[in-house]
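Each chain, letter by letter, is given below.
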Amino acid sequence: MSTNQSPILEVTGLSVGYKNRTVLRDLSFTCRPGEFISLLGPNGAGKTTLLRTLSRHLSPVAGEIRVQGRPLSQLSAMDLARTMAVVLTDKIAPPMFSVFEFVALGRYPHTDYLGRLGSQDQVAVSSSLAAVHALELAERAFVDLSDGERQKVLMARALAQAPRMLLLDEPTMHLDLKHRVEVMAILRDLCRSQGITVIASLHDVDVAAKVSDQVALIRDGGLMAWGAPEAVLSGDSVTTLYEFDKARFNRDLGGIELKSAGDHGRAFVVGGMGSGALVYRILAKKGFALATGVVHGNDLDWYVARSLGADCVAVEPMATINGAATQQALELMDGCDLVIDSGFPVGPANQANVDLLQGALDRGLPLLSLRQGVPPGLRVNGESAPRHCADATALIACLETFACCRSFSPHTEEA
Ligand SMILES: Nc1ncnc2c1ncn2[C@@H]1O[C@H](COP(=O)(O)OP(=O)(O)OP(=O)(O)O)[C@@H](O)[C@H]1O
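The model shown is predicted, which means the values in this text are computed figures rather than measured ones.

Caption draft 1: Focus on helix α11 (residues 300-307). Along α11, the residues classified as buried are Asp301, Val304, Ala305 and Ser307. One face of α11 carries all of its buried residues, which in axial projection span an arc of 165 degrees. Looking at the buried side of α11, the elements it contacts are β11 (247-250), β12 (255-258), α10 (277-285), β14 (289-296) and β15 (311-315). Two residues or fewer past α11, Gly309 is found with a positive phi of approximately 80 degrees.

This is the structure:
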């Protein structure tokens, strides 16, 4: 995709909707050849209505749409079909068509008025099926296809039109993970290799962030934001877009983290260098509120902990963890019901973690440890010692016991 290229689609002051009901107002944006554009927004926001308007299935309420510089309304049906192909979510079940015959329907802008396929058309149908990795389905009956196979064949029919733009409504709906990934990879490759502009409504923010050149965030009757996902998608913007209260999008990790209900007590995690991430997620899943520290501000643990809504004592990346930060973490620990030692190597270079583990023991807090053995320098006595968990499964079992009994026997070795 080149930003120097002329726009393929220019939308100015566009309002879309239905009789007596305007759904989106005053949209203005530009799409260029080879761009992948994702429309994101909650259910009912207007994504389908916009796609239907861009593809001339609906008339605009107001504003202008230009395709390759010409008003959309003035394109002949044939010109429109050669420029733009559309895959909507309507269930189509054409009787008796083989997959090849169904995809061949997409050639109509290029065949004669009787729809006869020439050798070029035959090649175009086969290449379209090949482009979506569905050539082996060619002789199958269209009505017998699975949802994933059907989606690929619908895309092949659209490609057979040889369009410059492909508009898709929820192309990954009903698809399993393999097919979702495959469909998105196919679409991305069409942009890159054939310069086709893809505009797709999607519900996967993380997938959209990874494939899109531009994202449109749609809510409250308009465009909340339009731009590169790296600029537009953040924890805050996604929270606003979907009104999240139980989750948070993490751009750095590329996914959604589900926050803890926090009703099974509060756990402090002694982590660092990514060792805490798995523990935080287990704790959140089991309903524990989270506190952690001391972590560096570029640590995987920091990203995950923040996304999960943890109280987190952090220091600047690469900074030495000083006594003040450790003291702050110990104060955070005071409000906790138990402490988890994620097993991050401790020693002279990070005395802070030993101090925190010692702090847990000195406070008489239950301490679960994923560590092999006791770290050097930790003063353990008979009354206060870590309970060792051999692995994540053992940790989960201990947490479940703690959640219902508020205690577990401190000395048992799980290995
Ligand atoms: N034919 C119609 N007549 C009137 N209103 C409609 C019509 N079709 C959809 N709507 C309304 O327009 C609004 C936008 O619907 P639209 O299908 O465009 O949203 P969407 O963002 O695609 O939602 P979803 O993610 O649930 O598919 C909704 O309130 C919907 O009820």
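Having seen it, we continue.
Caption draft 2: Layout of the packing of α10 against helix α14 (residues 392-405). Interhelical geometry of α10 versus α14 gives an angle of 35 degrees and a closest axis separation of 11 Å. Here α10 and α14 pass one another in a crossing that is right-handed. For the pair α10 and α14, contact is made by Leu278, Val279, Ile282 and Leu283 and by Ala392, Leu395, Ile396 and Leu399, respectively. A class-by-class count of the residues in the contact of α10 with α14 yields eight nonpolar, no polar and no charged.

Caption draft 3: Focus on the sheet that holds strand β2 (residues 21-31). Pairing is antiparallel across the open sheet formed by four strands, whose spatial order is β2-β1-β4-β5. Each of the sheet's edge strands pairs with one partner strand only, and the pair in question is β2 and β5 (70-71). As judged from the two bridges shared by strand β4 (residues 62-67) and β5, these two strands associate in the antiparallel manner. Bridging across to β5, Val67 finds its partner in Arg70. The sheet strands contacting helix α1 (residues 47-54) are β1 (9-18), β2 and β4, and the helix crosses β1 at an angle near 120 degrees.

Caption draft 4: Representation of the nonpolar core within the structure. Leu40, Leu129, Leu166, Leu187, Val198 and Leu233 are the most contacted members of the largest nonpolar core, which has 49 residues in total. Looking at this core, the element that brings in the most residues is helix α5 (residues 147-160), giving seven residues. Excluding residues within four positions of it along the chain, Leu40 makes contact with Lys47, Leu202, Ala208, Val215, Ala216, Leu217, Ile218, Leu233, Leu241 and Tyr242. Counting residues in each nonpolar core, the second largest holds 27 residues, with Leu39, Leu54, Leu80 and Leu167 among its members.

Caption draft 5: Summary view of the domain arrangement of the chain. What the domain assignment reports for the chain is domain 1 (9-252) and domain 2 (259-407). With six residues of domain 1 in contact, the opposing surface of domain 2 contributes four residues. A buried area of about 440 Å², summed over both sides, lies between domain 1 and domain 2, and 46% of it is on carbon and sulfur atoms. Linking domain 1 to domain 2 there are zero salt bridges. For the interface between domain 1 and domain 2, the tally reads three residue pairs in polar contact (both at pLDDT 80 or more). When grouped by side-chain class, the residues that make up the side of domain 1 that touches domain 2 number one nonpolar, one polar and four charged.

Caption draft 6: Geometry of the side chain of Gln214. With respect to the helices and strands, Gln214 occurs in strand β9 (residues 214-219). Residues within four places of Gln214 in sequence aside, it is in contact with Glu35, Phe36, Ile37, Ser38, Trp226, Gly227, Ala228 and Pro229.

Caption draft 7: Highlighting the pattern of salt bridges. One pass over the structure, following the stated rule, counts 19 salt bridges. Arg266 is the salt-bridge partner of Asp311, the closest N and O atoms lying 2.7 Å from each other. One end of the pair, Asp311, is in strand β15; the other, Arg266, is in strand β13 (residues 266-270), with 45 residues separating them in the sequence. Residue Arg371 is joined to Asp341 by a salt bridge in which the shortest nitrogen-to-oxygen separation is 2.7 Å. Linking Arg371 in the loop between β17 (367-369) and β18 (387-388) with Asp341 in strand β16 (residues 338-341), this pair joins segments that are 30 residues apart in sequence. Look at the salt bridges and you will find they share partners, linking Arg70, Asp79 and Arg82 into a network.

Here is what the cut-offs are and how they apply
- Residues numbered from 1 in each chain as written.
- Predicted model: local features only at pLDDT ≥ 70, side-chain atom pairs only at ≥ 80, totals over all residues.
- Heavy atoms only, no water.
- Buried < 20%, exposed > 50% of the residue type's maximum accessible area, 1.4 Å probe, protein only.
- Helix = DSSP H or I, 4+ residues; strand = E, 2+ residues; numbered from the N terminus.
- Arc of directions from axis to C-beta.
- Contact = heavy atoms within 4.5 Å.
- Axes fitted to C-alpha atoms, helices over the stretch in contact; angles between N-to-C directions.
- Left-handed = near helix turned anticlockwise from the far one by under 90°.
- Nonpolar A, V, L, I, M, F, W, Y, C, P; charged D, E, K, R; others polar.
- Pairing = 2+ DSSP bridges.
- Core = buried A, V, L, I, M, F, W, Y, C linked by side-chain atoms within 4.5 Å.
- Domains from an automatic or database assignment.
- Buried area = accessible area lost by both parts, 1.4 Å probe.
- Salt bridge = Lys/Arg side-chain N within 4 Å of Asp/Glu carboxyl O.
- Polar contact = N/O pair within 3.5 Å; in protein donor to acceptor, adjacent residues only side chain to side chain.

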